[in-house]
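Okay, here's what each chain looks like letter by letter:
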Amino acid sequence: MSGMHEALHVSAQEGAVAASWKPSVACDVLCSRQQEILHQIAEPGVAAAIWQRPVDPDFQRWIDSLAEDALPSLRTVVPGHLAKAALLHACEMAGLESSPEREFLIEDAGSLALAVGKILNVRYVRIRLDVTSGTMCPKFHVDQVRARLLCSYRDAGTEYVAEADAADPACHKRMATGAVGLFRGARWSDDEICGLLHRSPHQGEGDAARLLLVVEPAE
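Residues numbered from 1 in each chain as written. Predicted model: local features only at pLDDT ≥ 70, side-chain atom pairs only at ≥ 80, totals over all residues. Heavy atoms only, no water.

Time to look at the overall build of the protein chain. When you go through the protein chain residue by residue, the secondary structure sums to four helices and twelve strands. The 219 residues of the protein chain split such that 46% are buried. Sequence separation of at least 24 residues holds for 74% of the intrachain contacts in the protein chain that already meet a minimum separation of 6. As presented, the protein chain carries roughly 11600 Å² of accessible surface, and 53% of it is formed by carbon and sulfur atoms. (Helix = DSSP H or I, 4+ residues; strand = E, 2+ residues; numbered from the N terminus. Buried < 20%, exposed > 50% of the residue type's maximum accessible area, 1.4 Å probe, protein only. Contact = heavy atoms within 4.5 Å. Areas by Shrake-Rupley, 256 points an atom, 1.4 Å probe, with all protein chains shown as cover.)

Dropping the structure here:
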């Protein structure tokens, strides 16, 4: 009987520990001029990894000069190695003629899609090229995905803030145009909650259309 009482006592202690356990909150943002920073998204406490890369001025002039209806739009799920083919098709459907700038867009977005697959160890990725002339997601939020890559090729980059500081505008930060951010989502892990929020930048009436690349694991 004493052994049974001891077992019951241990089980009760384990239950109390389980009931009191809470996942930690990840809200760190790592930034670097090196693409390798994106791999740090898996480090404990990291909610986002941002590649602060320089923008090619010739490409930026070209993409900024395009009419809204000439911007490529895409929504698809493909194996990572077929991302460039899907992006080429999107550019052709938009009527974009072959040029060094068009090829850069296809190569760059395709390489980022392939990188997401490798970093998150998935074969299929969901790719979007969103063309928007209004504020798409005006409220700070956490995406209901495992992780999501965001890159604004045209117009302002994504805004982000720690959840605890969301009410203070002074704490709001914005990615630069062309910067690449890999953000954890709500489905990242049971061990860590994402404490970093993000949203689309404000777009007023008459502002140029935004071109945003979105890549996430297709799970």
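This part takes up the sheet that holds strand β7 (residues 159-162). The strand order across the open sheet formed by three strands is β8-β7-β11, and the pairing between neighbours is antiparallel. The sheet is open, and its two borders are formed by β8 (173-174) and β11 (196-199), each paired with just one other strand. (Pairing = 2+ DSSP bridges.)

This next bit is on the nonpolar core. Generally speaking, soluble globular proteins have nonpolar side chains that are buried together. Core analysis: the biggest nonpolar cluster contains 44 residues, and Ile-127, Leu-149, Tyr-153 and Leu-213 have the highest contact counts within it. At seven residues, helix α4 (residues 100-119) tops the list of elements feeding residues into this core. Apart from the residues lying within four places of it in its own chain, the contact partners of Leu-149 are Leu-112, Val-116, Val-180, Gly-181, Leu-182, Leu-213, Val-214 and Val-215. Listed in part, the twelve residues of the second largest apolar core include Ile-50, Leu-150, Tyr-160 and Val-214. (Core = buried A, V, L, I, M, F, W, Y, C linked by side-chain atoms within 4.5 Å.)

Further remarks concern unusual backbone geometry. The phi angle at Asn-121 is positive, at roughly 60°, despite the residue not being glycine. Look at Asn-121 and you get exposed, because its relative accessible area is 70%. Although it is not a glycine, Asp-155 adopts a positive phi angle of roughly 75°. Residue placement: Asp-155 occurs in the loop between β6 (147-154) and β7.

Under the 1.5 Å per step criterion, the end-to-end length of α4 is 28 Å for 20 residues, consistent within 8% with the ideal 28 Å. Regarding α4, the residues found buried are Arg-102, Leu-105, Ile-106, Asp-108, Ala-109, Gly-110, Leu-112, Ala-113, Ala-115, Val-116, Gly-117 and Ile-119. Asn-121 sits one or two positions beyond α4 and adopts a positive phi of about 60°. (Expected span 1.5 Å × (residues − 1).)

Positionally, Pro-23 belongs in the loop between α1 (2-20) and β1 (24-26). Separated by 166 residues in the primary sequence, Pro-23 and Ser-189 place their C-alpha atoms 9.3 Å from one another. Non-local contacts of Pro-23, meaning those with residues more than four positions away in its chain, are made with Asp-190, Asp-191, Glu-192 and Ile-193.

Let's shift gears to helix α2 (residues 57-65). Looking at α2, one finds that the buried residues are Phe-59, Gln-60, Trp-62 and Ile-63. In an axial view of α2, the angular spread of the buried residues amounts to 165°, which keeps them on one side of the axis. Along α2, the residues that are exposed and aim more than 90 degrees away from the buried face are Arg-61 and Ser-65. In this structure, the buried side of α2 is in contact with α4, β6 and β12 (210-217). Between a side-chain oxygen at the N-terminus of α2 and the backbone nitrogen of Asp-58 the separation is 3.1 Å; the capping residue is Asp-56. (Arc of directions from axis to C-beta. Polar contact = N/O pair within 3.5 Å; in protein donor to acceptor, adjacent residues only side chain to side chain.)

Of all residues in the protein chain, 89% have pLDDT values of 70 or greater, and the mean over the chain is 90. Taken together, the stretch residues 6-19 has pLDDT below 50 and engages in zero contacts with residues farther than four places along the chain or on a different chain. (pLDDT = per-residue confidence, 0-100.)

Okay, the pattern of salt bridges next. Inspection of the entire model under this criterion finds twelve salt bridges. Two residues, Asp-130 and Arg-128, come together in a salt bridge whose shortest N-O distance is 2.7 Å. For Arg-128, a relative accessible area of 15% corresponds to the buried category. Several salt bridges share partner residues, and in doing so they unite Arg-126, Asp-143, Arg-148 and Glu-216 into one network. (Salt bridge = Lys/Arg side-chain N within 4 Å of Asp/Glu carboxyl O.)

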